Amino acid sequence: MQERTFTPANKELKTMDYLKQLLLRSKTLVIFKGLHKNKVFTSFIRAAGACINGGKQEAAEEYCNFISLLYQHTDDLTELMMKLVLEDENLFILKKGEGLPTAGVLEDCLANELQTLQELSQIPCAELTARLDLDVFLPAYKTHKVDFSQVYAQRVHRINEFGYGIYSRYHVFVMADGSIRPVEYPDPIKLSQLSNYQAEREQVIKNTLALLSGKPANNVLLYGDCGTGKSSTVKAIANEYAGKGLRLIELKKKQLHEIPSIVETVSKNPLKFIIFIDDLSFTEDDNDFAALKAILEGSVSSTASNLAIYATSNRRHLVRETFSARQGDEIHFKDTVQELLSLSDRFGLTVIFQRPDKQTFLNVVSDIAKQYELEMPREELFQQAEAYALSRGGRSPRVAKQFVEYLKGCGDNA
């Protein structure tokens, strides 16, 4: 379709007819029908329609309502419209994500709708405001030229990296009320901020890269002392490889029964997923124990090749075993105890994070101090760090970070 150009308002009937036709086309979307659920998009359609057909006062109100919503995101209409198109979860992108054919009428429909949305996104601000002819200030918005079809084709080609829907907007999720919900502001920790434990983290990174490349990946158990960076490792990896198509879904222990539902939801998604269970442990009569055991024995990875479970725990055997359990009246109680203790063995990869010795602890303190740009004589820094660790019950990377933040805070408040 030949690109249209707009002429000043009220000078050419052709422009008015074209705008009316364009607004009509916006109401007949099929693939991108979901855009009508977006407040900014629908407000723009109402505002444009009012500017063309409505009374001046009503049109000015609708226009300013639209600008108010637009400014919450950007001042560029084209930019917002392109973002909505790329993030929309529709029947075309779902088929592409599952590797299903889309040729024929669906492709024709897509091309037509992308052209419509492109033209809508490039309606100049002046084309609407000039029609109002009011002696009041009306805020403006910007537009720019962009080929929606070309950009969308590039996104589809790299769908295994960008995803679609909420998975293209966010990379960390939680379960709430039985649904996968995005985390708008996840922990921004980076791998470059984590000190020492390189060998341990490298094992988890290699497993994650295998998952991302479509190779067999293990379910991973990271266990060891508190504050050694187990959870931070998983979160930093999720942040590091979000641009490569990695997404993280964090579960609480009481939500383990949700895993089959998660698998069903994401198994056909082109992205790769980590189900993250932090601080995992059970009691002997815990119903959630059976749920996780069944999942691990069934091998989630084989059920969904794009998904793996990463869990952290302070306990090697995950189950809090008591002496009373060993003295139970069950005939085969030894078998029961062994079953409880062997849960950790069902993870394909176990990575141990041990409490750091003195030198490792001081290395971590030194690295974090550099990150925080803390200026203090090395000997004094280490002496205070040891005293701080002693007061906190022992050395760990978490204690090292708390110590540096404490010193930084004292300096800032001085």
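Scroll up to find the structure this text is about.
What comes next concerns the included structure.

Procedures and definitions
- Residues numbered from 1 in each chain as written.
- Predicted model: local features only at pLDDT ≥ 70, side-chain atom pairs only at ≥ 80, totals over all residues.
- Heavy atoms only, no water.
- Buried < 20%, exposed > 50% of the residue type's maximum accessible area, 1.4 Å probe, protein only.
- Helix = DSSP H or I, 4+ residues; strand = E, 2+ residues; numbered from the N terminus.
- Pairing = 2+ DSSP bridges.
- Right-handed = clockwise from strand over helix to strand, strands pointing away.
- 1 Å grid on protein atoms, 1.4 Å probe; cavity = no way out; pocket = protein on both sides within 12 Å on 5 of 7 lines; lining within 4 Å.
- Points joined across faces, edges and corners; volume = space filled by probe spheres on them.
- Nonpolar A, V, L, I, M, F, W, Y, C, P; charged D, E, K, R; others polar.
- Core = buried A, V, L, I, M, F, W, Y, C linked by side-chain atoms within 4.5 Å.
- Contact = heavy atoms within 4.5 Å.
- Axes fitted to C-alpha atoms, helices over the stretch in contact; angles between N-to-C directions.
- Arc of directions from axis to C-beta.

**A short note on the pairing of strand β5 (residues 272-277)**
Stage number 1. When you tally the buried positions in β5, you get six out of six residues, the bulk of the element.
Stage number 2. On β5, burial covers both faces: Lys 272, Ile 274 and Phe 276 on one face and Phe 273, Ile 275 and Ile 277 on the other are all buried.
Stage number 3. Sheet topology note: the strand β4 (residues 246-251)/β5 ladder contains six bridges and is parallel. In the sheet register, Leu 248 faces β5, and the bridge partner there is Ile 274.
Stage number 4. What joins β4 to β5 is helix α13 (residues 259-266), and the crossover it makes is right-handed.

**Comments concerning the layout of surface pockets**
Stage number 1. The space that makes up the largest pocket amounts to roughly 660 Å³.
Stage number 2. Surrounding the largest pocket, 29 residues form its lining, Leu 194, Gly 229, Ser 232, Arg 398 and Lys 401 being those nearest its centre.
Stage number 3. Counting residues per element, the ones that place at least two in the lining of the largest pocket are α12 (230-240), β6 (307-313), α18 (358-371) and α20 (397-413).
Stage number 4. For the lining of the largest pocket, a count of residues per class yields nine nonpolar, 12 polar and eight charged.
Stage number 5. When its volume is computed, the second largest pocket comes out at roughly 410 Å³.
Stage number 6. Taken together, 16 residues form the lining of the second largest pocket, with Asn 38, Leu 84, Glu 87, Asp 88 and Arg 169 sitting closest to its centre.
Stage number 7. Secondary structure elements with two or more residues in the lining of the second largest pocket: α4 (77-87) and α10 (166-169).
Stage number 8. Residue contributions to the lining of the second largest pocket peak at four residues, all from α4.
Stage number 9. Of the residues that constitute the lining of the second largest pocket, the class distribution is six nonpolar, four polar and six charged.

**Quick look at helix α7 (residues 125-132)**
Stage number 1. Taken across its eight residues, α7 has six buried, putting it largely inside the fold.
Stage number 2. For α7, the set of buried residues is Cys 125, Glu 127, Leu 128, Thr 129, Arg 131 and Leu 132.

**Section: the nonpolar core**
Stage number 1. Phe 32, Phe 44, Leu 120, Tyr 141 and Tyr 152 are the most contacted members of the largest nonpolar core, which has 48 residues in total.
Stage number 2. The element contributing the most residues to this core is helix α2 (residues 39-53), with nine residues.
Stage number 3. When residues no more than four places from it in sequence are discounted, the contact partners of Tyr 152 are Phe 32, Val 85, Leu 86, Asn 90, Phe 92, Ile 93, Leu 110 and Leu 114.
Stage number 4. Counting residues in hydrophobic clusters, the runner-up holds 26 residues, among them Tyr 197, Ile 205, Ala 236 and Leu 248.

**What to know about the sheet that holds strand β7 (residues 349-353)**
Stage number 1. Read across the sheet, seven strands follow the order β2-β1-β4-β5-β6-β3-β7 without closing on themselves; strand pairing throughout is mixed. In this open sheet, the two strands that pair with only one neighbour each are β2 (179-182) and β7. Mean inter-strand twist for the sheet, computed between neighbouring axes without regard to direction, equals 25°.
Stage number 2. Across the face of the sheet, helix α11 (residues 198-212) comes into contact with β3 (220-224), β4, β5, β6 and β7 while running at roughly 150° to β7.

**Quick notes on α13**
Stage number 1. Burial in α13 covers these residues: Ile 259, Ile 262, Val 263 and Val 266. Down the axis of α13, the smallest arc covering the buried residues is 100°, so these residues share one side.

Limitation: the analysis is restricted to geometry and does not speak to function.
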